[in-house]
Amino acid sequence: MKILVINSGSSSIKYELFDMDQRRALSSGLAEKIGEPSSILTHQYLTARGDKKKIVEKAEITNHYQGLQRSVDLLMDPRHGVIGHRSEIAAVGHRVVHGGEFFQASTRIDDRVMAAIRQCIALAPLHNPANLMGIEVACKIFPKAAQVAVFDTAFHQSLPNYAYLYAIPVELYEKHKIRRYGFHGTSHAFVAEAAAAFLSRPLTQLNLITIHLGNGASMCAVRGGKSVDTSMGLTPLAGLPMGTRCGDIDPSILLILADRVNMSFGDLDKMLNKKSGLLGLCGVNDMREVIRKKQAGDKQAKIALEVYTYQVKKYIGAYCACLGHVDALVFTAGIGENSPVVRELCCRNLQALGIEIDDEKNHDSADGIRQISSRNSKVKVLVIPTNEELRIAQETQRVIGG
Ligand code: ADP
């Protein structure tokens, strides 16, 4: 069975085509700067011999329909295509950022589902309209394929109310659905399942802390396969400091800046989302650069790394308290998978919580799932590469009963 996964942004479409029988990606790509003269389509595919090849097309893509159509043409191109006809694609899985309280799981898309995703636009004004656009164009291009929505928020719908309610007037929740939702659900769910398989234990019997450190960053306390707390909130701005996002701050900072420094709503939005995090603290948002600068003696880079890893460590402590007993910590995503320095700082001096990293294993740069905790560590520490696109494809297959 072949499943196409689509992640549609406001000016981009990311796609990946999976052969589910072989559990591998046949092709992936990105159409970006849609609507601008400088649009770029980058398309990667596997040759019959299994080599990876890349095609880059620079020509204006006027809208999402054209972007997806062009990508599908490349998937079927007789010279280097990976499918003969679009009807080979049984289903399209869509990443949808916000499912509000409507969706506890992935679901087949129909008019009612579209209407509910539309209702969640107020909660994710930048993401949900773009996701809807992706669904609409995919329905036109693949009228016979099943369309499935996989939500970033769905995995966290199991949070108890004391973990998702903010201590603000309860009418704001009742009338406006202001509450913690959490994001990166596909990644937390994917690595939790992979951890259970790696440890050869049923997921229902495991307590895990999953730590997704990419450009965005979030953590999740997972009890028996269900999310019971997570660091992101109503939006993906809360929780850990990130590449350019601030994470948790005192909410009064905004009031003070608006009042005393005359910052507008737009200025505040830009400052919190685009100018904060690692970038705000030391001038660069790429963790590799931060580490390079720190090693070259840059004091701001050193403090940025300390602020970043201190917050992860604090959440580890909080989630140990929340879960009571922890079987494993799981590091994932760009930074979590690739940076021994960050992992070491996040777990330093946590022996009292039963967490200890083995220095040699931590620095082993092997690919794939690995255990980096010491023999004495009661809590296993794992590094597990995430694969959100594969998870969306698996969910899509599950929903259509394939
Ligand atoms: P996204 O959230 O966009 O999917 P990724 O999961 O790809 O992001 O993570 C991107 C982050 O991973 C960047 O900050 C990048 O610096 C970091 N990263 C990638 N490789 C390394 C590495 N070897 N050491 C430290 N950080 C790394």
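Residues numbered from 1 in each chain as written. Predicted model: local features only at pLDDT ≥ 70, side-chain atom pairs only at ≥ 80, totals over all residues. Heavy atoms only, no water.

(A) Quick peek at the packing of helix 2 (residues 111-119) against helix 3 (residues 128-141). Between helix 2 and helix 3, the least distance of the axes is 9 Å, while the angle of their chain directions is 160°. With respect to helix 3, the axis of helix 2 lies roughly antiparallel. In this structure, helix 2 crosses over helix 3, and the sense of that crossing is left-handed. Where helix 2 approaches helix 3, its residues Met114, Ile117 and Arg118 are matched on the opposing element by Asn128, Leu132, Ile135 and Glu136. Counted by class, the contact of helix 2 with helix 3 contains 4 nonpolar, 1 polar and 2 charged residues. (Axes fitted to C-alpha atoms, helices over the stretch in contact; angles between N-to-C directions. Helix = DSSP H or I, 4+ residues; strand = E, 2+ residues; numbered from the N terminus. Parallel < 35°, antiparallel > 145°, perpendicular 65-115°, else oblique. Left-handed = near helix turned anticlockwise from the far one by under 90°. Contact = heavy atoms within 4.5 Å. Nonpolar A, V, L, I, M, F, W, Y, C, P; charged D, E, K, R; others polar.)

(B) Layout of helix 6 (residues 185-199). Given a rise of 1.5 Å per residue, 15 residues ought to cover 21 Å, and the 21 Å separating the end C-alpha atoms of helix 6 matches this to within 8%. Most of helix 6 is tucked away: 12 of the 15 residues are buried. Listing the buried residues of helix 6 in full gives Gly185, Thr186, Ser187, His188, Ala189, Phe190, Val191, Ala192, Ala194, Ala195, Ala196 and Leu199. Among the structural elements, strand 8 (146-151), strand 9 (207-213), strand 10 (217-223), strand 12 (328-332), strand 14 (380-383) and helix 15 (388-399) are those in contact with the buried residues of helix 6. Backbone geometry just after helix 6 places serine 200 at a positive phi near 55°. (Expected span 1.5 Å × (residues − 1). Buried < 20%, exposed > 50% of the residue type's maximum accessible area, 1.4 Å probe, protein only.)

(C) Structural detail: the pairing of strand 11 (residues 226-230). Taken across its 5 residues, strand 11 has 4 buried, putting it largely inside the fold. Bridge count between strand 10 and strand 11: 4 bridges; the pairing is antiparallel. Residue pairing for strand 11: alanine 221 is matched across the bridge by aspartate 229. (Pairing = 2+ DSSP bridges.)

(D) Examining the sheet that holds strand 4 (residues 40-46) more closely. Spatially, 8 strands are ordered 5-4-3-2-1-6-8-7 in an open sheet, and the strand pairing comes out mixed. Here the strands that pair on one side only, and so sit at the sheet edges, are strand 5 (52-58) and strand 7 (107-108). Inspection of the sheet shows strand 2 (residues 13-19) paired to strand 3 (residues 24-32) by 7 bridges, in the antiparallel sense. Counterpart to aspartate 19 in the pairing with strand 3 is arginine 24. Packing against the sheet, helix 3 makes contact with strand 1 (2-8), strand 6 (89-96) and strand 8, and its axis sits at approximately 170° to strand 6.

(E) Examining the pattern of salt bridges more closely. What the rule picks out here adds up to 20 salt bridges. Ionic pairing is found between glutamate 193 and arginine 391, a salt bridge with its closest N-O pair at 3.1 Å. A residue pair is termed long-range when its members are at least 10 positions apart, and glutamate 193 in helix 6 and arginine 391 in helix 15 qualify at 198 residues. Exposure remark for arginine 391: the relative accessible area of 11% places this residue in the buried category. Close ionic contact of aspartate 298 with lysine 293 constitutes a salt bridge, the shortest N to O distance being 3.8 Å. (Salt bridge = Lys/Arg side-chain N within 4 Å of Asp/Glu carboxyl O.)

(F) Inspection of the side chain of glutamine 157 at higher detail. Along the chain, glutamine 157 falls in the loop between strand 8 and helix 4 (161-164). Its relative accessible area of 14% is what places glutamine 157 among the buried residues. In this structure the side chain of glutamine 157 is engaged in a polar contact, spanning 3.2 Å, whose partner is the backbone oxygen of glycine 100. Once you skip the residues sitting within four places of it in the chain, glutamine 157 turns out to touch Gly100, Glu101, Phe103, Gln104, Arg179 and Tyr181. (Polar contact = N/O pair within 3.5 Å; in protein donor to acceptor, adjacent residues only side chain to side chain.)

(G) Spotlight on the environment of glutamate 174. Along the chain, glutamate 174 turns up in helix 5 (residues 170-176). For the pair glutamate 174 and glycine 283, spaced 109 residues apart in the sequence, the C-alpha separation amounts to 40 Å.

(H) Just a nonpolar patch on the surface, in detail. On the surface, a nonpolar cluster with roughly 220 Å² of combined accessible area is contributed by Tyr166, Ile168 and Leu172. The topology assignment puts tyrosine 166 in the loop between helix 4 and helix 5. Under the relative-accessibility criterion, tyrosine 166 is labelled partly exposed at 31%. (Patch = residues over 30% accessible without salt bridge, like charges linked within 9 Å, V, L, I, M, F, W, Y side chains within 5 Å. Areas by Shrake-Rupley, 256 points an atom, 1.4 Å probe, with all protein chains shown as cover.)

(I) Spatial organisation of the environment of isoleucine 6. As for its position among the elements, isoleucine 6 is in strand 1. Placed 387 residues apart in sequence, isoleucine 6 and alanine 393 show a C-alpha to C-alpha distance of 9.6 Å. Apart from the residues lying within four places of it in its own chain, the contact partners of isoleucine 6 are Ile13, Lys14, Leu68, Val92, Gly93, His94, Arg95 and Ala138.

(J) Structural context of the site of the ligand. The full set of residues close to the ligand is Gly214, Asn215, Gly216, Asp286, Met287, Arg288, Ala333, Gly334, Ile335, Asn338 and Ser339. For the ligand, whose unbound accessible area comes to 580 Å², protein coverage reaches 68%. Put simply, the parts of the chain that give the shell around the ligand at least two residues each are helix 10 (287-295) and helix 12 (333-338). With 4 residues, helix 12 is the largest single contributor of residues to the shell around the ligand. Here the residues of the shell around the ligand are counted per class, giving 3 nonpolar, 6 polar and 2 charged. (Near = heavy atom within 4 Å.)

(K) Quick peek at the layout of surface pockets. What the second largest pocket holds in volume is close to 380 Å³. Considering the residues around the second largest pocket, the lining is formed by 20 residues, among which Gln104, Ala105, Ala154, Phe155 and Arg391 are closest to the centre. Mapped by element, the contributors of at least two residues to the lining of the second largest pocket are strand 8, helix 6, strand 11 and helix 15. The element contributing the most residues to the lining of the second largest pocket is helix 6, with 4 residues. A per-class count over the lining of the second largest pocket returns 7 nonpolar, 8 polar and 5 charged. Each of domain 1 (2-151) and domain 2 (201-388) contributes no fewer than three residues to the lining of the second largest pocket. (1 Å grid on protein atoms, 1.4 Å probe; cavity = no way out; pocket = protein on both sides within 12 Å on 5 of 7 lines; lining within 4 Å. Points joined across faces, edges and corners; volume = space filled by probe spheres on them. Domains from an automatic or database assignment.)

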